[in-house]
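As a plain string of letters, each chain reads:
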Amino acid sequence: MDKDKLKAERDEKQKASEKLMHQLIQEIDDDPDNYHTYYDLGALLVNLKSYSQAEELLMKAMGRFGDKSRQAKDTLTYGLGNVYYEAGEYQKAIAQFTQVKDKKLQSDAYLMLAQSYMGNGDHKTALAFAITAGDTHKQDPQVNQLIADNLLALGNFNQAADYYDQVLSADPKNGHAQFDRGIAAVVLGQDAAAYFDHAKTLDPDYYQKGQSRLKDIQTFLNKQNKDQNQN
């Protein structure tokens, strides 16, 4: 795709976002007692990476609606957690998501807690929340991938491979999962070539970023084999 086409697409998305923003602001002016509109506007600001504006808006909405209903409070708390998560402030995100008690939102909050703990490098806690989220998101490729990613980080390669297989069965064009399934295959002594070939085509950026990780694993395995042969 050439630069002009990319710029045109970006401009089009920007215009659509600005139009939606004006529409949501107008809806808040027309019906200031609808907390859902504040949540939607906050989500749009997050999408535009305007994190401080989104935080300010949702905090203001929390002050207005927080004491009116449990659902309003939980919805806005969940929205605020998303602001912090997208901004990379994982500890703040965790503090928000753990407050969500609404049954409909809670399973999504567990999923976000898993991602937040993973962002903090706490893969054990992330795995626990991902598995809990999986109880209400049966066969969801996103949840299965999250479980697989944490299993891989914890060195549970057989289980990780099983979950990546489930992800790829549902979503074979997932380059991220193809590459990480290849990592598991390398460690397990399986043929990884097809996984890496698919990953290179489907998600070249993730494939490139993963090369140093792959090299480290291969160096470790070669050293391990060498040590075993010497003993």
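Residues numbered from 1 in each chain as written. Predicted model: local features only at pLDDT ≥ 70, side-chain atom pairs only at ≥ 80, totals over all residues. Heavy atoms only, no water.

As recorded in an unreviewed UniProt entry, the chain goes by Tetratricopeptide repeat protein and comes from Secundilactobacillus collinoides DSM 20515 = JCM 1123.

Engineer: Where do I start with the overall build of the chain in this structure?
Structural biologist: When you go through the chain residue by residue, the secondary structure sums to 13 helices and zero strands. Starting at the N terminus, the α and β elements of the chain follow one another as α-α-α-α-α-α-α-α-α-α-α-α-α. If one aligns the C-alpha atoms of the chain with their principal axes, the spans along those axes are about 75 × 45 × 30 Å. Taking all 231 residues of the chain together, the buried fraction comes to 39%. Contacts in the chain between residues at least 24 apart in sequence constitute 48% of all its contacts with a sequence separation of at least 6. (Helix = DSSP H or I, 4+ residues; strand = E, 2+ residues; numbered from the N terminus. Buried < 20%, exposed > 50% of the residue type's maximum accessible area, 1.4 Å probe, protein only. Contact = heavy atoms within 4.5 Å.)

Engineer: I'm lost on the pattern of salt bridges in this one. Help?
Structural biologist: Between side chains of opposite charge, pairing is possible as soon as their charged atoms come close. Throughout the structure, instances matching the rule amount to five salt bridges. The shortest N-O distance in the salt bridge between R213 and D180 comes to 2.6 Å. Residue R213 is located in helix α13 (residues 211-230), and its partner D180 is located in helix α10 (residues 175-187); the two are separated by 33 residues in the primary sequence. Given a relative accessible area of 31%, R213 falls into the partly exposed group. The class for D180 is buried, based on a relative accessible area of 2%. (Salt bridge = Lys/Arg side-chain N within 4 Å of Asp/Glu carboxyl O.)

Engineer: I'm lost on the packing of helix α5 (residues 90-97) against helix α6 (residues 103-119) in this one. Help?
Structural biologist: How two helices pack is summed up by the angle between their axes together with the distance between the axes. Orientation of α5 relative to α6, taken along the N-to-C sense of each, is 160 degrees, at an axis distance of 9 Å. Taken together, the axes of α5 and α6 lie roughly antiparallel to each other. Relative to α6, the crossing made by α5 is left-handed. Here Y90, A93, I94 and F97 of α5 lie close against α6, whose contacting residues are A109, M112, L113, S116, Y117 and G119. Taken together, the residues that form the contact of α5 with α6 break down as eight nonpolar, two polar and no charged. (Axes fitted to C-alpha atoms, helices over the stretch in contact; angles between N-to-C directions. Parallel < 35°, antiparallel > 145°, perpendicular 65-115°, else oblique. Left-handed = near helix turned anticlockwise from the far one by under 90°. Nonpolar A, V, L, I, M, F, W, Y, C, P; charged D, E, K, R; others polar.)

Engineer: Looking at this model, I keep getting lost on the domain arrangement of the chain. Mind explaining?
Structural biologist: Think of interface size as the accessible area that goes away when the parts come together; that is how it is often given. Per the domain assignment, the segments of the chain are domain 1 (1-124) and domain 2 (139-230). One C-alpha centre belongs to domain 1, the other to domain 2, and the line joining them spans 32 Å. Between domain 1 and domain 2, the contact holds six residues from the first and seven residues from the second. Surface buried jointly by domain 1 and domain 2 totals about 610 Å² across both partners, of which 72% is contributed by carbon and sulfur atoms. Considering only the side of domain 1, the residues that lose the most area to domain 2 are L111, M118 and H123, jointly responsible for 74% of the buried surface there. (Domains from an automatic or database assignment. Buried area = accessible area lost by both parts, 1.4 Å probe.)

Engineer: I'm lost on the UniProt feature "repeat: TPR" (unreviewed entry) in the chain in this one. Help?
Structural biologist: According to UniProt, the positions carrying the feature "repeat: TPR" (unreviewed entry) are residues 141-174. For residues 141-174, the helix share is 79%, the strand share is 0%, and the end-to-end C-alpha distance is 10 Å. (UniProt positions renumbered as here; feature names shortened; annotations may be inferred.)

Engineer: Could you clarify how one ought to interpret unusual backbone geometry in this entry?
Structural biologist: Excluding glycine, residues mostly carry a negative phi; peptide bonds, for their part, are mostly trans. Residue K49 is not a glycine yet carries a positive backbone phi of 65 degrees. Looking at the element boundaries, K49 is found in the loop between α2 (35-47) and α3 (51-65).

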